[in-house]
Amino acid sequence: VRDVMTTRLYTASPDHTLLEVMRLMTDRRCRHVPVIEGERLLGVVSIGDLVKWRIAEAHAEVEAVRSYIQP
């Protein structure tokens, strides 16, 4: 595994926004980012998690616009 794994680990804190983490993943070409607070691992965010969140957010925006336009 050592021969193919990433050697630089990019992490996020709970204070990072989801857009900041998406930018990190895109810029660094990584698919998973551990979320760390101090020395404690809180979880791991995947690119799939962020895509799912963004799609849900886009759907909510569309519905808000629809309800505004069509009373």
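Refer to the structure printed above.
These remarks concern the structure in this document. Since we're looking at a predicted model, the values are computed, not measured. (Residues numbered from 1 in each chain as written. Predicted model: local features only at pLDDT ≥ 70, side-chain atom pairs only at ≥ 80, totals over all residues. Heavy atoms only, no water.)

Counting secondary structure elements, the protein chain contains two helices and two strands. Relative to the globule expectation of 11 Å for 71 residues, the C-alpha radius of gyration of the protein chain, 16 Å, shows a markedly less compact shape. By principal-axis analysis of the C-alpha atoms, the protein chain measures approximately 55 × 25 × 15 Å. The proportion of buried residues among the 71 residues of the protein chain is 17%. Contacts in the protein chain between residues far apart in sequence, at least 24 positions, make up 23% of those at least 6 positions apart. Here the protein chain has roughly 6,200 Å² of accessible surface; of this, 54% comes from carbon and sulfur atoms. (Helix = DSSP H or I, 4+ residues; strand = E, 2+ residues; numbered from the N terminus. Rg over C-alpha atoms; globule rule 2.2 N^0.38 Å. Buried < 20%, exposed > 50% of the residue type's maximum accessible area, 1.4 Å probe, protein only. Contact = heavy atoms within 4.5 Å. Areas by Shrake-Rupley, 256 points an atom, 1.4 Å probe, with all protein chains shown as cover.)

Now for the pattern of salt bridges. Considering all chains together, one arrives at three salt bridges under this definition. For the salt bridge of glutamate 57 with arginine 54, the shortest nitrogen-to-oxygen distance reads 2.8 Å. You can see glutamate 57 and its partner arginine 54 sitting in helix H2 (residues 47-69), three residues apart, about one turn around the helix. Residue classification places glutamate 57 among the partly exposed residues on the basis of a relative accessible area of 29%. (Salt bridge = Lys/Arg side-chain N within 4 Å of Asp/Glu carboxyl O.)

Relative orientation of the contacting elements helix H1 (residues 18-28) and H2 amounts to 135°, with a least axis distance of 11 Å. Compared by their axis directions, H1 and H2 come out oblique. Read as a crossing pair, H1 and H2 show a hand that is left-handed. Of H2, the residues touching H1 (which contributes Leu18, Leu19, Val21, Met22 and Met25) are Ile47, Leu50 and Trp53. Tallied by class, residues from the contact of H1 with H2 come to eight nonpolar, no polar and no charged. (Axes fitted to C-alpha atoms, helices over the stretch in contact; angles between N-to-C directions. Parallel < 35°, antiparallel > 145°, perpendicular 65-115°, else oblique. Left-handed = near helix turned anticlockwise from the far one by under 90°. Nonpolar A, V, L, I, M, F, W, Y, C, P; charged D, E, K, R; others polar.)

Within the secondary structure, serine 46 sits in strand E2 (residues 40-46). Filtering out sequence-adjacent residues up to four positions away, serine 46 remains in contact with Met25, Arg31 and His32.

Quick look at unusual backbone geometry now. One non-glycine residue, arginine 29, adopts positive backbone phi at about 55°. Along the chain, arginine 29 falls in the loop between H1 and strand E1 (32-37).

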